Amino acid sequence: MKLRSLIIDDEPLAHKVILEYAKDIPFLEVVGQCHLAVEAIDFLRSDPVDLLFLDIQMPRIKGLDLLRTLSDQPTVIVTSAYEEYALESFELDVCDYLLKPFRFERFLKAVNKALTIREGGTPKVKTEVLKPDVREQTEQIFIKVDKRHVNLDLSQIHYLESYGNYVKVWLGASFHLTPRTLSSFEEQLPADHFFRMHKSYILNRRYIDYVEGNFVLMKNEMQLPIGKNYRSAFRNFILNV
């Protein structure tokens, strides 16, 4: 059996990643690409598919709103840069939830799950809602900067700073501003190097110069406060290398 699939995402890079991954999965066939949900509505009327790769944050109609309009819903794998929609997505009976950027192994796991559902009729109703496995052990991360997705080595990141509805990703004396929450980074970044030591900061331990009192001096000479509720855990973090 081949899974006829449709990509619905307003970011060209997301299409490129899925198309590259799909080339190495014999039972997966991408039969269409839409950059807006309204385009997908027209496509699905004339050409039904087995599987949707669905982004959430799109202009005009959001991905989950699109799902609510479908009377005959295909199997759905959500692909999103935002983890906060996971609960709502699973309540709409999606197959899986991939947090961008995702690796091929995680993509393959989701597609295999979709194949099982289509072939064996495995019930999609869940007895409990599970958070997506977002703590991928990776050496690189994509972040959205303006209309681009920038690929960063984790070793480049000194620390991250919450900035309203954005996060400043500091690379020494410069930073990238990305529309994400600090909590989403906390879930994704490897815990052996990155630690949230304040409600507004996550630091990379390799760039700590020294700790004095309730402050951390970074190697770029920035001084970061250690939050009162984080102090005990942070001391354990820096002592247990």
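Structure: above.
What you are looking at is a predicted structure, and each value in this text was computed from that prediction instead of being measured.

Undergrad: Residue-level account of the pairing of strand 11 (residues 194-198), with values.
TA: Strand 11 sits mainly inside the fold: 5 of its 5 residues count as buried. Bridging between strand 11 and strand 12 (residues 201-204) involves 4 bridges; their strand directions are antiparallel. Looking across to strand 12, one finds that Phe195 is bridged to Leu203. Adjacent in sequence and paired antiparallel, strand 11 and strand 12 are bridged by 2 residues.

Undergrad: Residue-level account of the sheet that holds strand 9 (residues 166-171), with values.
TA: Taken in spatial order, the 5 strands make up an open sheet running 10-9-8-12-11, and their pairing is antiparallel. The open sheet terminates on both sides in strands that have one partner only, identified here as strand 10 (174-178) and strand 11. Geometrically, the sheet is characterised by an average inter-axis angle of 25° between neighbouring strands, direction not taken into account. Bridge count for strand 8 (residues 159-163) against strand 9 is 5 bridges, and the pairing is antiparallel.

Undergrad: Summarise the layout of surface pockets; cite the residues concerned and give the values.
TA: If you add up the space inside the largest pocket, you get close to 630 Å³. In this structure, the largest pocket is lined by 34 residues; those nearest its centre are Lys100, Pro101, Phe102, Phe142 and His149. Listed by contribution, the elements that provide at least two residues to the lining of the largest pocket are helix 1 (12-22), strand 4 (75-80), strand 6 (140-145) and strand 7 (148-153). Of the residues contributing to the lining of the largest pocket, the split by class is 15 nonpolar, 9 polar and 10 charged. Reported here for the second largest pocket is a volume of approximately 270 Å³. Looking at the lining of the second largest pocket residue by residue, the classes come out as 6 nonpolar, 3 polar and 3 charged.

Undergrad: Break down the packing of aromatic side chains for me, citing the residues and quoting the values.
TA: In total, this model carries 13 aromatic pairs according to the counting rule given. One aromatic cluster is present, built from ring pairs that chain together Tyr21, Phe53, Phe102, Phe104 and Phe107. The aromatic ring of Phe185 is capped on one face by Arg180, whose charged end is 4.0 Å from the ring centroid.

Here is what the cut-offs are and how they apply
Residues numbered from 1 in each chain as written. Predicted model: local features only at pLDDT ≥ 70, side-chain atom pairs only at ≥ 80, totals over all residues. Heavy atoms only, no water. Buried < 20%, exposed > 50% of the residue type's maximum accessible area, 1.4 Å probe, protein only. Helix = DSSP H or I, 4+ residues; strand = E, 2+ residues; numbered from the N terminus. Pairing = 2+ DSSP bridges. Axes fitted to C-alpha atoms, helices over the stretch in contact; angles between N-to-C directions. 1 Å grid on protein atoms, 1.4 Å probe; cavity = no way out; pocket = protein on both sides within 12 Å on 5 of 7 lines; lining within 4 Å. Points joined across faces, edges and corners; volume = space filled by probe spheres on them. Nonpolar A, V, L, I, M, F, W, Y, C, P; charged D, E, K, R; others polar. Phe/Tyr/Trp six-rings, centres within 6.5 Å; stacked < 30°, edge-to-face > 60°. Lys NZ or Arg CZ within 6 Å of the ring centre and 35° of its normal.

Read these as geometric descriptors, not functional statements.
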